[in-house]
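Here are the chains, one letter per residue:
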Amino acid sequence: MSEAVEQVSAVLDRMGAPRALASRLAGALGPDAAARLEADPWLLLRLPQVTLEQADFCARRHLGEEARPDDPRRLAALTAHVLRMSAARGHTVVEEKRLATVIGRWGVADPTAAMEAAVAQESAVVLESTDEGDDDFDFAEGVVPELPEPDRFYALPDVGHSEQRLGDQLLRLIGGNDPIMDSATAAETVDEAARRGAFPLSERTRQALITVALRPVTVLRHGPGDTEELARALVCMDAIATDSQVGIAVAAPTAQAAAAVNAELARVRAGGGSPRTHARQEDVAEGAEGEEESTEVSSPVRAVSLTELSARAPLEAGLVVLCEAMSVGAARAAEVASMCADGAHLVLAADPDQAPSASPGQVVVDIAASRTAHVAEVGDDERPGPIAELAAAVATGAFPEVEAPGREVVRVPASSAEEAAYRVVQLVTDSIPRALGIDAEHVQVVTAREDGPAGAQALNAACKEALNPGPGAHGGFDVGDRVLLTAQGPVHGPGDTGYLREVGEAAVVELADGRRVEVTDPSAMRPGWAISVAAAHGGRWPAVVAVFPPQVPVSRPQVYTALTRATRHVSVVDATGGGLETGVRENPAKERTTRLVRILREG
């Protein structure tokens, strides 16, 4: 135990709080965590598992009669707690009146004082925006219309500032507004790239690529069956960037998503392939590693993870493409936009029917809604494969049976959570490897909940026992365990999955693209045999086992996102007793409160 954690533990002892919280509090509060907690026991609320009642109990024990309901420290901590809960649901800001109402429900007599205390202690920030309203004023002689009062929002400082930074950086790029090529030259370049590659290209995609060449920021929409068409578009974008000598950079949120993009690119380079057949995705890493050799005679464009892209910042490329952009929240999107040089074109390739990011923000949706950037569409004219067909139906609110002659989609009913867990292990260890030739290491379990017999925790334990039994000798892990990385590191990012290969001063994890990275912070690793839908967003795997346990609150974007994590096969383990169809039909995407649209329009 480190000295900092030991010091926090001593403070927790004095206030009657569990010592088990010490490590997480030390990480949340920083190097002076013990001193901060000593001075303000309500900082316990920085941990989501701590309730207000528990924090009040510890404060009374620690401060005695000084612990009052109207203590500014308590009011500030409670306000920040509400903002953190809001951010956990994806909101970047909370409107002032709404925040006051919620704080009042917690028994605070003067919510305004609570919000002011939070701002004074720098645990919240106030942000103002003015709704544009109607610009078509009918000016009477001598009459000046009244300007609307700005709306006031509150946010956690890091969340609010990240969204503001994203808006500012997008406005910088939009303000450049210089085309990479004129429309006629871009059309010729695209046609020539398709001719050299001997692949078809839909007219929608062709027009979208011209938009990319002309416009500084483009939302490039696509559907679940358009992954190969998107790869063709990337090859054409590379031709645009090469012919205009501006260079290109392509990224995906995670190493496994980048590897999946590179597998599709390898197919296109190999001769275009057929529109509806898929590469053997278990060879994704091998295909990614082989890019260097193949690029000597064909398109050199290659996707990297966002972490790898960050290591290259600032980017010299004049064309920057982010795939799987729906999974990226405001903070990471701000990083990407900040890397772009003045005059660069930014392309956000996104499937708008996917769930929004697990982190705060709805970047793609807001950029499109602002009408300050351009929206274009990549579309494959061929009939979609079974996974894409099912996903497209889910997007409309249905969950039908689809024809899957190659067993691309299999539905596995289960009568209970326990039976669902049994089926999952059976699918991963036997059925999918035996029937489809996809090894267990390339099968990702994605579940709709964390707890319960068919939640991520229980499924991780079951899969480990079946695939890599061991005592958990290294902080609960053994060499050979599948892991999920949950934090940013020098060479890895949140959402990356891989296998623990060595343990020494640091843990060595092999990622999907074959890279071995060192993870120095043990708390950044979680078991990765089974992960939540939110954790899976931004990643893609050859085969996915999507698990929907009983009594889970199923939603349409959740199901759609789980299905589209698979590139070759998906098994849907359904123990909902009809709840899957009901959730898809009745629970569409929930709106988030953000400021990005206003920032872009006001800019």
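Our structure's up above, just so we're on the same page.
Rules used in this analysis
- Residues numbered from 1 in each chain as written.
- Predicted model: local features only at pLDDT ≥ 70, side-chain atom pairs only at ≥ 80, totals over all residues.
- Heavy atoms only, no water.
- Helix = DSSP H or I, 4+ residues; strand = E, 2+ residues; numbered from the N terminus.
- Rg over C-alpha atoms; globule rule 2.2 N^0.38 Å.
- Contact = heavy atoms within 4.5 Å.
- Areas by Shrake-Rupley, 256 points an atom, 1.4 Å probe, with all protein chains shown as cover.
- Axes fitted to C-alpha atoms, helices over the stretch in contact; angles between N-to-C directions.
- Parallel < 35°, antiparallel > 145°, perpendicular 65-115°, else oblique.
- Nonpolar A, V, L, I, M, F, W, Y, C, P; charged D, E, K, R; others polar.
- Core = buried A, V, L, I, M, F, W, Y, C linked by side-chain atoms within 4.5 Å.
- Buried < 20%, exposed > 50% of the residue type's maximum accessible area, 1.4 Å probe, protein only.
- Left-handed = near helix turned anticlockwise from the far one by under 90°.
- Pairing = 2+ DSSP bridges.
- Expected span 1.5 Å × (residues − 1).
- Arc of directions from axis to C-beta.
- Phe/Tyr/Trp six-rings, centres within 6.5 Å; stacked < 30°, edge-to-face > 60°.
- Salt bridge = Lys/Arg side-chain N within 4 Å of Asp/Glu carboxyl O.

Assigned secondary structure in the protein chain consists of 24 helices and 19 strands. Computed over C-alpha atoms, the radius of gyration of the protein chain comes to 25 Å, within 12% of the 25 Å expected from 2.2 N^0.38 for 603 residues, which places it in the range of a compact globule. If one aligns the C-alpha atoms of the protein chain with their principal axes, the spans along those axes are about 80 × 80 × 50 Å. Residue pairs in contact within the protein chain that sit at least 24 positions apart in sequence constitute 75% of those at least 6 positions apart. Carbon and sulfur atoms make up 50% of the accessible area of the protein chain, which totals about 26200 Å².

Turning our attention to the packing of helix α11 (residues 227–243) against helix α12 (residues 255–269). Where α11 contacts α12, the two axes come as close as 9 Å, and the packing angle between them is 75°. Taken as axis vectors, α11 and α12 run roughly perpendicular relative to one another. Between α11 and α12, the contacting residues are T227, E228, A231, R232, L234 and V235 on the first element and V261, E264, L265, R267 and V268 on the second. For the contact of α11 with α12, the per-class residue count stands at six nonpolar, one polar and four charged.

Attention now moves to the nonpolar core. Counting 47 residues, the largest nonpolar core has V8, L12, M15, L25, L37, L44 and L99 as its most contacted members. Mapped by element, the contributors of at least two residues to this core are α1 (3–15), α2 (22–29), α3 (33–39), α4 (52–63), α5 (72–88), α6 (96–105) and α7 (111–120). Counting residues per element, this core draws most heavily on α5, which supplies seven residues. Among residues more than four places away in sequence, those in contact with L37 are V8, V11, L12, M15, L25, L29, L43 and L44. Among the nonpolar cores identified, the runner-up in size contains 40 residues, and A233, I240, V261 and V378 belong to it.

Now for the packing of helix α10 (residues 203–214) against α11. Following both chains from N to C, one finds α10 and α11 inclined at 40°, their axes separated by 10 Å at the closest point. Taken together, the axes of α10 and α11 are oblique relative to one another. Crossing of α10 over α11 shows right-handed handedness. Between α10, through T205, L209, V212 and A213, and α11, the contact on the second element is made entirely by E229, A233, C236, M237 and I240.

Once that is clear, we can look at the pairing of strand β19 (residues 566–574). Counting buried residues along β19, nine of its nine residues qualify, which places the element largely inside the surrounding structure. As paired elements, strand β18 (residues 541–548) and β19 share seven bridges and run parallel to each other. Each residue of the ladder has a partner; that of V545, found in β19, is S571.

On the basis of which strands lie adjacent, the open sheet formed by five strands has the order β10-β19-β18-β11-β17 and parallel pairing. Each having just a single partner strand, β10 (409–413) and β17 (530–532) make up the two edges of the open sheet. Each strand of the sheet is rotated relative to its neighbour by a mean of 25°, with strand direction disregarded. Across five bridges, the pairing between strand β11 (residues 443–447) and β18 is parallel. Across the sheet, Q444 pairs through a bridge with V544, a residue of β18. Its contacts with the sheet put helix α18 (residues 386–395) on β10 and β19, and the angle it makes with β19 is roughly 55°. Contacting β10, β18 and β19, helix α23 (residues 579–586) crosses the sheet at an angle of about 115° to β19.

Attention shifts here to the pairing of strand β5 (residues 248–252). Of all five residues in β5, four are buried, a share of seventy percent or more. As paired elements, β5 and strand β7 (residues 319–322) share four bridges and run parallel to each other. Each bridged residue has a counterpart across the sheet, and for A251 the counterpart in β7 is L322. The sheet contact formed by β5 and strand β6 (residues 303–305) spans three bridges and is parallel. Bridging from a neighbouring strand, A251 pairs with V304 of β6.

To continue, consider the environment of V321. Inspection of the secondary structure puts V321 in strand β7. Along the backbone, V321 and V347 are 26 residues apart, and their C-alpha atoms lie at a distance of 4.6 Å. For V321, the contacting residues outside a window of four places in its chain are L234, M237, I248, A249, V250, A251 and V347.

Further remarks concern helix α20 (residues 456–467). Across its 12 residues, α20 extends 16 Å between first and last C-alpha, which sits within 8% of the 16 Å expected from 1.5 Å per residue. For α20, the set of buried residues is A456, L459, N460, C463 and K464. End-on view of α20: buried residues confined to an arc of 135°, all on one side of the axis. Along α20, the residues that are exposed and aim more than 90 degrees away from the buried face are Q457, A461 and E465.

Mapped onto the elements of the fold, A100 is located in helix α6. For the pair A100 and P453, spaced 353 residues apart in sequence, the C-alpha to C-alpha distance is 39 Å.

Residue position: R601 is located in helix α24 (residues 596–602). Along the chain, R601 and T372 lie 229 residues apart, while their C-alpha atoms are 6.9 Å from each other.

All right, on to α2 then. Those residues of α2 not exposed but buried are A22, L25, A26 and L29. The buried residues of α2 occupy an angular sector of 100° when projected down its axis, which confines them to one face. Contact partners of the buried residues in α2: α1 and α3. Backbone geometry just after α2 places G30 at a positive phi near 95°.

Turning our attention to the packing of aromatic side chains. Using the criterion set out here, one finds one aromatic pair in the structure. Where Y499 meets W529, the ring centres are 6.1 Å apart and the plane angle is 75°; that geometry is what we call edge-to-face. Taken as a pair, Y499 in strand β13 (residues 497–503) and W529 in the loop between β16 (525–527) and β17 lie far apart in primary sequence, 30 residues in all. Neither Y499 nor W529 differs from the other in exposure class; each is buried.

Summed over all chains, the structure comprises 36 salt bridges. Residue R19 is joined to E6 by a salt bridge in which the shortest nitrogen-to-oxygen separation is 3.3 Å. With a gap of 13 residues between them, R19 in the loop between α1 and α2 and E6 in helix α1 connect regions that are remote in the sequence. When its relative accessible area of 37% is taken as the criterion, E6 is described as partly exposed. A salt bridge links D151 to R598; its shortest N-O distance comes to 2.9 Å. Of the two residues, D151 sits in strand β3 (residues 151–155) while R598 sits in helix α24, which places them 447 residues apart along the sequence. Each of E228, E229, R232, E264, R267 and D380 takes part in one network of salt bridges that share partners.

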